[in-house]
Amino acid sequence: MKVIPLLNQRDDSGKTTVATHLTRDFQLEGRFILLVDSDPQEDAHDRATVRG
Ligand SMILES: Nc1ncnc2c1ncn2[C@@H]1O[C@H](COP(=O)(O)OP(=O)(O)OP(=O)(O)O)[C@@H](O)[C@H]1O
Ligand SMILES: [Mg+2]
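Residues numbered from 1 in each chain as written. Chains lettered and ligands numbered in written order. Predicted model: local features only at pLDDT ≥ 70, side-chain atom pairs only at ≥ 80, totals over all residues.

1. Comments concerning the site of ligand 1
Then step 1. Around ligand 1, the neighbouring residues are Asp11, Asp12, Ser13, Gly14, Lys15, Thr16, Thr17, Asp39 and Asp43.
Then step 2. In terms of residue count, helix H1 (residues 15-28) provides more of the shell around ligand 1 than any other element does, three residues in total.
Then step 3. Considered class by class, the residues forming the shell around ligand 1 number no nonpolar, four polar and five charged. (Near = placed C-beta within 6 Å. Helix = DSSP H or I, 4+ residues; strand = E, 2+ residues; numbered from the N terminus. Nonpolar A, V, L, I, M, F, W, Y, C, P; charged D, E, K, R; others polar.)

2. A few points about H1
Given 3.6 residues per turn, any residue in an α-helix points the same way as the ones three and four places further on.
Then step 1. Along its 14 residues, H1 runs 20 Å from first to last C-alpha, staying within 8% of the 20 Å computed at 1.5 Å per residue.
Then step 2. Those residues of H1 that fall on the buried side of the exposure criterion are Thr16, Ala19 and Thr20. Viewed along the axis of H1, the buried residues span an arc of 90°, placing them on a single side of the element. Exposed side chains of H1 directed beyond 90 degrees from the buried face belong to Asp25 and Leu28.
Then step 3. Buried residues along H1 sit against helix H2 (43-46).
Then step 4. Positive backbone phi, approximately 85°, marks Gly30, located one or two places after H1. (Expected span 1.5 Å × (residues − 1). Buried ≥ 20, exposed ≤ 12 C-beta atoms within 10 Å, placed from the backbone. Arc of directions from axis to C-beta. Contact = placed C-beta atoms within 7 Å.)

Dropping the structure here:
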């Protein structure tokens, strides 16, 4: 199992954007991927790119 951490101390640096786009890209390649959103804002939860 590979783990890809996307971390940055700065706010608004694009962490969630990159995470959700990577997730969708891997999905479209037919890979199994689990996006873990450890941010209390749960922003990744709300983004349409992670659906389907
Ligand atoms: N490559 C990019 N070019 C332009 N805008 C971008 C890019 N990546 C992200 N953004 C925009 O920057 C803003 C912050 O992105 P994002 O929410 O992904 O950052 P974050 O690091 O997850 O923020 P937070 O620390 O609040 O969780 C969003 O409005 C997003 O649409
Ligand atoms: Mg975020």
